[in-house]
Amino acid sequence: MYNETGIDFLALIKNILDNIVKIIIITFIFGIAAFSMARFVLPKSYTSYTDFTIISNGESIDYSSYLRGNVVLDKVGSKYNIDTNSLDKSITVIRDVSNQDNYRITVTTNNPVSSCKIANDIVKVFNKELKEELDVSGVTISSKAEANFTPESPDVKRVTLNGCLLGFLLSLSLTVL
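(A) Broad picture of the overall build of the protein. On a plain count of helices and strands, the protein comes out with seven helices and six strands. Along the protein, from the amino end to the carboxyl end, the secondary structure elements read β-β-α-α-β-α-α-α-β-β-α-β-α. Taking 16 Å as the expected radius of gyration for a compact globule of 177 residues, we find that the protein reaches 26 Å, considerably beyond that expectation. Dimensions of the protein along its principal axes, counting C-alpha atoms only, are 85 × 35 × 25 Å. The buried share among the 177 residues of the protein stands at 33%. In the protein, of all internal contacts separated by at least 6 residues, the share reaching a separation of at least 24 is 76%. Summed over all atoms, the accessible surface of the protein reaches about 11200 Å², with 59% contributed by carbon and sulfur. Each charge class in the protein can be summarised by its mean position, and for the 17 positive and 19 negative side chains these summaries are 9 Å apart.

Below is the structure:
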């Protein structure tokens, strides 16, 4: 394949074609291994979200820090036996830019039902515990969290494709060398 003047591409292509079955088998094995890891070994995470509007009696402020604050997270965490730091890491609070009274809480855990319940309970606890303190007239839930049984991660298709690609490149490089 290599001579003094450079690479002989015809010999290189011939070598690849002679070993095409090995390349396909190794690619297939790596794809199956990656699929099995993603489907059966890697931990799954599930996401649920709830959308709601906070109706303020006075000036509208950003309630994101209150939704992620100790008052709310301690109550919700104690109900599900989750420490406040872990709960805080699994929550995302998004404030709508077009209507700043609208919020979305997204919760990601390893259990779809827990994700759903935690998202709904955060809104309930906020409404119950901080309503008077923050001069809020109410919370209107526009979409209640539902259990999403499709895992957010790992992405089985992507992991399988990456495994196949790795197997292909490895087998190709072994064939060429």
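After that view of the structure, there is still more to cover.
(B) Quick peek at the sheet that holds strand β6 (residues 136-143). Spatial strand order, β4-β5-β3-β6: four strands in an open sheet with antiparallel pairing. Strand pairing shows two members of the sheet lacking a second neighbour, β4 (91-95) and β6, which therefore form its edges. The average angle at which neighbouring strand axes cross in this sheet is 25°, direction not considered. Across eight bridges, the pairing between strand β3 (residues 46-56) and strand β5 (residues 102-109) is antiparallel. Bridging across to β5, Thr50 finds its partner in Ile105. Sheet contacts for helix α6 (residues 112-130): β3, β4, β5 and β6; angle to β3, the most-contacted strand, approximately 15°.

(C) Expanded view of the pairing of β3. In terms of burial, β3 is a largely internal element, eight of the eleven residues being buried. Note: β3 against β6, six bridges, orientation antiparallel. Bridging across to β6, Asp51 finds its partner in Ser143.

(D) Representation of the pattern of salt bridges within the structure. As enumerated under the stated definition, the model contains eight salt bridges in all. A salt bridge links Asp18 to Lys14, with the shortest nitrogen-to-oxygen separation between them at 3.1 Å. Of the two residues, Asp18 and Lys14 both sit in helix α1 (residues 9-18), four residues apart, roughly one turn of that helix. The partner of Lys124 in a salt bridge is Asp121, and the shortest N-O contact between them spans 4.0 Å.

(E) Quick peek at helix α2 (residues 20-41). Between its first and last C-alpha atoms α2 spans 30 Å; for 22 residues at 1.5 Å apiece the expected length is 32 Å, and the two agree. Among all positions in α2, only Ile23, Thr27, Gly31, Ala34 and Ala38 are buried. Down the axis of α2, the buried side of the element spans an arc of 70°, and every buried residue falls inside it. Along α2, exposed side chains directed more than 90 degrees from the buried face belong to Val21, Lys22, Phe28, Phe40 and Val41. Check the buried side of α2 and you find it contacts α1 and α7 (156-176).

(F) Highlighting the side chain of Ser115. Assignment of secondary structure puts Ser115 in helix α6. Its relative accessible area of 0% is what places Ser115 among the buried residues. A polar contact of 2.9 Å, which involves the side chain of Ser115, links it to the backbone oxygen of Tyr46.

Cut-off values and rules
- Residues numbered from 1 in each chain as written.
- Predicted model: local features only at pLDDT ≥ 70, side-chain atom pairs only at ≥ 80, totals over all residues.
- Heavy atoms only, no water.
- Helix = DSSP H or I, 4+ residues; strand = E, 2+ residues; numbered from the N terminus.
- Rg over C-alpha atoms; globule rule 2.2 N^0.38 Å.
- Buried < 20%, exposed > 50% of the residue type's maximum accessible area, 1.4 Å probe, protein only.
- Contact = heavy atoms within 4.5 Å.
- Areas by Shrake-Rupley, 256 points an atom, 1.4 Å probe, with all protein chains shown as cover.
- Lys, Arg positive; Asp, Glu negative; His and termini not counted.
- Charge placed at Lys NZ, Arg CZ, Asp CG, Glu CD.
- Pairing = 2+ DSSP bridges.
- Axes fitted to C-alpha atoms, helices over the stretch in contact; angles between N-to-C directions.
- Salt bridge = Lys/Arg side-chain N within 4 Å of Asp/Glu carboxyl O.
- Expected span 1.5 Å × (residues − 1).
- Arc of directions from axis to C-beta.
- Polar contact = N/O pair within 3.5 Å; in protein donor to acceptor, adjacent residues only side chain to side chain.

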